[in-house]
Amino acid sequence: MNKKRIIVNERDYLKLKQIINESITSGNVNAKNLNAEISNAILIDPAKIPSDVVTMNTKVCFIDIKESEEFVYTLVYPKDADLANGKLSVLAPIGTALLGYREGDELVWNVPAGQKILHIKKIIYQPEASGNYFL
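Residues numbered from 1 in each chain as written. Predicted model: local features only at pLDDT ≥ 70, side-chain atom pairs only at ≥ 80, totals over all residues. Heavy atoms only, no water.

Chemist: I'd like a rundown of the overall build of the protein chain, residues and numbers included.
Modeler: Within the protein chain one finds 3 helices and 7 strands. Listed N to C, the secondary structure of the protein chain is β-α-α-β-β-β-β-α-β-β in terms of helices and strands. For 135 residues, the compact-globule estimate of 2.2 N^0.38 gives 14 Å, and the C-alpha radius of gyration of the protein chain, at 14 Å, lies within 12% of that figure. Along the first, second and third principal axes, the C-alpha atoms of the protein chain reach 35 × 35 × 30 Å. When burial is assessed residue by residue, the protein chain has 42% of its 135 residues classed as buried. Of the contacts made within the protein chain by residues no fewer than 6 positions apart, 59% connect residues no fewer than 24 positions apart. Within the structure as shown, the protein chain displays about 7,000 Å² of accessible surface, and the carbon and sulfur contribution to it stands at 50%. (Helix = DSSP H or I, 4+ residues; strand = E, 2+ residues; numbered from the N terminus. Rg over C-alpha atoms; globule rule 2.2 N^0.38 Å. Buried < 20%, exposed > 50% of the residue type's maximum accessible area, 1.4 Å probe, protein only. Contact = heavy atoms within 4.5 Å. Areas by Shrake-Rupley, 256 points an atom, 1.4 Å probe, with all protein chains shown as cover.)

Okay, here's the thing in structure tokens:
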């Protein structure tokens, strides 16, 4: 996984810790990866989050470098996940990978099919940048 410290909205952090605790007790391996990522995160007040950071409910365009494919997803909590409608769970390997990184970042992440190299091309919508701090 990556060594860079990610940026996480303080409210998202609290919700994610609750989801992680529930998921780990049910044996979800991806919850452990998410826990490892956010345990070293820089926590920031929602009103002060930079507008180029992938937070929860952010719609982000990213490129899978190895596959030369572009994707657009909204990063959501597990209960709201719906890939067919562009909603990617933060507990999915790619969802965990995107959280807290910034537009322009490139990251390497392990997924069940191997290693992915992702480039965050554009933040299309970020709730905090729109003044919505309570999603």
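Structure shown, so let's carry the discussion forward.
Chemist: An account of the packing of aromatic side chains is requested, with residue identities and associated values reported.
Modeler: Counting across every chain of the model gives 3 aromatic pairs. A centroid spacing of 5.5 Å and a plane angle of 25° characterise the contact between Phe-62 and Phe-71, whose relative ring orientation is stacked. With a relative accessible area of 3%, Phe-62 lands in the buried category. A relative accessible area of 23% means that Phe-71 is categorised as partly exposed. Among the aromatic side chains, those forming a connected cluster through ring pairs are Phe-62, Phe-71 and Tyr-73. (Phe/Tyr/Trp six-rings, centres within 6.5 Å; stacked < 30°, edge-to-face > 60°.)

Chemist: Before we move on, could you go through the layout of surface pockets and cite the residues and values that matter?
Modeler: Quantified by volume, the largest pocket comes out at close to 200 Å³. If you go around the largest pocket, you meet 13 residues; those closest to its centre are Phe-62, Phe-71, Tyr-73, Ile-94 and Lys-116. At the level of elements, strand S3 (59-64), strand S4 (69-76), helix H3 (93-98) and strand S7 (114-125) are the ones that each hand at least two residues to the lining of the largest pocket. Here the lining of the largest pocket is built from residues that sort into 11 nonpolar, no polar and 2 charged. (1 Å grid on protein atoms, 1.4 Å probe; cavity = no way out; pocket = protein on both sides within 12 Å on 5 of 7 lines; lining within 4 Å. Points joined across faces, edges and corners; volume = space filled by probe spheres on them. Nonpolar A, V, L, I, M, F, W, Y, C, P; charged D, E, K, R; others polar.)

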